[in-house]
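Fold and contact review
Chain residues, written in single-letter form:
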Amino acid sequence: QVQLVESGGGLVQTGGSLRLSCAASGRTFSNYAMGWFRQAPGKERDFVATINSWDVTSYRDSVKGRFTISRDNAKNTVYLQMNSLKPEDTAVYYCAARSYYSNTDYRKYDYWGQGTQVTVSS
């Protein structure tokens, strides 16, 4: 089992920045691919960014150049640095884990955090 706890969400103005953190406990963190997903009200959960066990990253097109995913295996933590935020980034952000290989399909992930709200005001 892997337990995930997100933090760092909040309210920010357009153009601002936030850094989300996801602390993991349980199994060997370095063996897991980590993903960030988001869900706006009434919409499906969407892929945002992933990082696999070998630190290879992937991003949805709309966040490329603005968001950065990273991991610190010594701290069992994955981060999502979000810059130049836009109102359309408003959502609940979730981190998720699956063994080794990344996937952009949220249904392929085994473990989930509780989510953290990000609100970008215009």
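This text goes with the structure placed above it.
Residues numbered from 1 in each chain as written. Predicted model: local features only at pLDDT ≥ 70, side-chain atom pairs only at ≥ 80, totals over all residues. Heavy atoms only, no water.

1. A few points about the pairing of strand β4 (residues 32–39)
Which entries qualify depends on this criterion: Exposure categories follow from relative accessible area, calculated using a 1.4 Å probe and restricted to protein chains: below 20% of the type maximum is buried, above 50% is exposed, and the middle band is partly exposed. A helix here means a DSSP run of H or I that spans at least four residues, while a strand means a run of E at least two residues long, and both kinds are numbered starting from the N terminus. At least two DSSP bridges between two strands are needed for those strands to be called paired.
In terms of residue burial, β4 counts as a mostly covered element, since seven of its eight residues are buried. The sheet contact formed by β4 and strand β5 (residues 46–51) spans five bridges and is antiparallel. Looking at β5, one finds that Gly35 is bridged to Thr50. Connecting β4 to the antiparallel partner β5 that follows it, the hairpin turn spans six residues, and Gly42 within it adopts a positive phi of roughly 80°.

2. Structural notes on the side chain of Thr50
Just so we agree on the cut-off: Only heavy atoms matter for contacts: two residues are in contact if any of them lie within 4.5 Å across the pair.
Within the secondary structure, Thr50 is located in strand β5. On the basis of relative accessible area, Thr50 is assigned to the buried category, the value being 1%. Beyond its immediate sequence surroundings of up to four residues, Thr50 is in contact with Met34, Gly35, Val56, Thr57, Ser58, Ile69, Ser102, Asn103 and Tyr109.

3. Concerning the sheet that holds strand β3 (residues 18–26)
To keep things clear, this is the line we draw: Between the N-to-C directions of two axes lies an angle of 0 to 180 degrees, each axis being a line fitted to C-alpha atoms and, for a helix, fitted only over the stretch in contact.
Taken in spatial order, the four strands line up as β1-β3-β8-β7 in an open sheet, and their pairing is antiparallel. Taken across any chain shown, the strands that pair with only one partner, and hence form the sheet edges, are β1 (2–7) and β7 (67–72). Each strand of the sheet is rotated relative to its neighbour by a mean of 15°, with strand direction disregarded.

4. Topic: the pairing of strand β9 (residues 91–99)
A large share of β9 lies buried, amounting to seven of its nine residues. Pairing analysis gives eight bridges linking β4 to β9, with the strands arranged antiparallel. Its bridge partner being in β9, Arg38 is matched across the sheet by Tyr93. Of the strand pairs in this sheet, β9 and strand β11 (residues 116–121) are connected by three bridges, and their pairing is antiparallel.

5. Some words on the side chain of Arg38
Let me state the cut-off plainly: What qualifies as a polar contact is a pair of N or O atoms within 3.5 Å, subject to a donor-acceptor requirement within protein and to the restriction that residues adjacent in sequence count only when both atoms come from side chains.
Inspection of the secondary structure assignment puts Arg38 in strand β4. By relative accessible area, Arg38 is classed as buried at 10%. Within the local environment of Arg38, its side chain forms a polar contact with the side chain of Asp89, the two groups lying 3.0 Å apart.

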